[in-house]
Amino acid sequence: MSVPHSDQGKLQHKSTLYGKSVLNNNLDIFLPSSNKSNILILAGIHGDEPESIVLLSEALRSIPSEDLKNPVVLCANPDGTLHGTRANANGVDLNRNFPTNDWTNKPVFYRVKSGEPQDIELSTGAKPGSEPETKAIIKIINEIKPSSIISFHSALDCIEDPQNTDLGKWISTKTGIPLVDDVGYPTPGSFGTWATENEFPLITFEVPPKPLTQMITDYVPTLVQLLCDLDLH
Ligand SMILES: [Zn+2]
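Anyway, here's the lowdown on the structure attached to this text. It should be emphasised that the depicted structure is a prediction, and the values quoted were computed from it without experimental measurement. (Residues numbered from 1 in each chain as written. Predicted model: local features only at pLDDT ≥ 70, side-chain atom pairs only at ≥ 80, totals over all residues. Heavy atoms only, no water.)

### Things to note about the coordination of the zinc ion
Looking at the zinc ion, one finds its protein donor set to be His46 (ND1), Glu49 (OE), Glu49 (OE) and His153 (ND1), positioned 2.0 to 2.3 Å from the metal centre. Classification of the site at the zinc ion rests on its four donor atoms, whose angles at the metal span 57 to 149 degrees, yielding the label irregular. Positions of the donor residues of the zinc ion along the chain correspond to the pattern H-x2-E-x103-H. Each member of the pair, histidine 46 as well as glutamate 49, is classed as buried. (Donors = N, O, S within 2.8 Å, 3.2 Å for Na, K, Ca; no water. Tetrahedral: all angles 85-135°; square planar, octahedral: opposite > 155°, others 65-115°. Buried < 20%, exposed > 50% of the residue type's maximum accessible area, 1.4 Å probe, protein only.)

Following this line, the structure appears as structure tokens:
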């Protein structure tokens, strides 16, 4: 079943507050009324990667509430998204702030355009798990205990699945985005490392550098299947 196209301009699903950001914005999760597979699907941990928030929202708005079977976080970093910054309002890269064995206080550097030096500096936080957004996501994960986590980013064009799961293979086959077991560079304090250490299998869904309108056509049907009852076979 799908929501009539004319009604898809508004998010009909009811959200649950799981925390507050540095700037006191809501951290919202959309919880299914019943779930069998319990895959946490999360976007927007990097505020300068809004494509996946829109893609996931398009998928969510196209299905009625009763069809949602997996928990969804549309935006894990609302302050960064409002400001268009990769980091949260404290200048912390949340994807380097998780309390992992390899967390480091050394700054992280990134670039905004390929070919440029990787020289824009962000903090990893005053200590592991220092940021309210990080604390809140850890708390809600420990409460809902997802069977898997899918975390969206852009735009490396890969499905990173270190455990080579059936879910990762299914996403790669459906989207045509290549499956990899590693992004190829160290990511201390990342969400993925924290999830692995805490035995939550995590797949990083890196959308390609394609126009959003094209990605809506290409990926929203697969995202709808991920949100609803998923049969991998
Ligand atoms: Zn990212």
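### Structural notes on unusual backbone geometry
Cis geometry marks the peptide bond from serine 154 to alanine 155; its omega dihedral reads 0 degrees. Looking at the element boundaries, alanine 155 is found in the loop between strand S7 (148-154) and strand S8 (158-160). One non-glycine residue with positive phi stands out, namely aspartate 157, at about 55 degrees. Within the secondary structure, aspartate 157 sits in the loop between S7 and S8. (Helix = DSSP H or I, 4+ residues; strand = E, 2+ residues; numbered from the N terminus.)

### So, helix H1 (residues 51-61)
For H1, the buried fraction is high: eight of the eleven residues fall into the buried class. Against strand S3 (39-42), strand S4 (72-73), helix H2 (78-83), S7, strand S10 (202-207) and helix H6 (212-227) lie the buried residues of H1. (Contact = heavy atoms within 4.5 Å.)

### What to know about the side chain of asparagine 38
Examined against the element boundaries, asparagine 38 turns out to sit in the loop between strand S2 (26-29) and S3. A polar side-chain atom of asparagine 38 sits 2.9 Å from the main-chain carbonyl oxygen of isoleucine 144. Here lysine 145 takes part through its backbone oxygen, which lies 3.1 Å from a polar atom of the side chain of asparagine 38. Beyond its immediate sequence surroundings of up to four residues, asparagine 38 is in contact with Lys69, Asn70, Pro71, Ile144, Lys145, Pro146, Ser147 and Ser148. (Polar contact = N/O pair within 3.5 Å; in protein donor to acceptor, adjacent residues only side chain to side chain.)

### So, the environment of asparagine 97
Within the fold, asparagine 97 resides in the loop between H2 and strand S5 (108-110). With a relative accessible area of 0%, asparagine 97 lands in the buried category. For the pair asparagine 97 and serine 123, spaced 26 residues apart in the sequence, the C-alpha separation amounts to 8.5 Å. Sequence-distant contacts of asparagine 97, that is, excluding residues within four places in its chain, are made with Val92, Trp103, Thr124, Gly125, Lys127, Pro128, Gly129, Ser130, Glu131, Thr134 and Gly189. Of note is the side chain of asparagine 97, whose polar atom sits 2.7 Å from the side chain of threonine 134.

### Some details on the packing of helix H4 (residues 166-175) against H6
Helices that pack against each other are described as a pair by the angle of their axes relative to one another and the distance between those axes. Two numbers describe how H4 lies on H6: the axes approach to 9 Å, and their chain directions differ by 155 degrees. In terms of orientation, H4 and H6 fall into the roughly antiparallel class. Relative to H6, the crossing made by H4 is right-handed. The segment H4 lies against H6, with Leu167, Trp170, Ile171, Lys174 and Thr175 engaging Tyr219, Thr222, Gln225 and Leu226. Considered class by class, the residues forming the contact of H4 with H6 number five nonpolar, three polar and one charged. (Axes fitted to C-alpha atoms, helices over the stretch in contact; angles between N-to-C directions. Parallel < 35°, antiparallel > 145°, perpendicular 65-115°, else oblique. Left-handed = near helix turned anticlockwise from the far one by under 90°. Nonpolar A, V, L, I, M, F, W, Y, C, P; charged D, E, K, R; others polar.)

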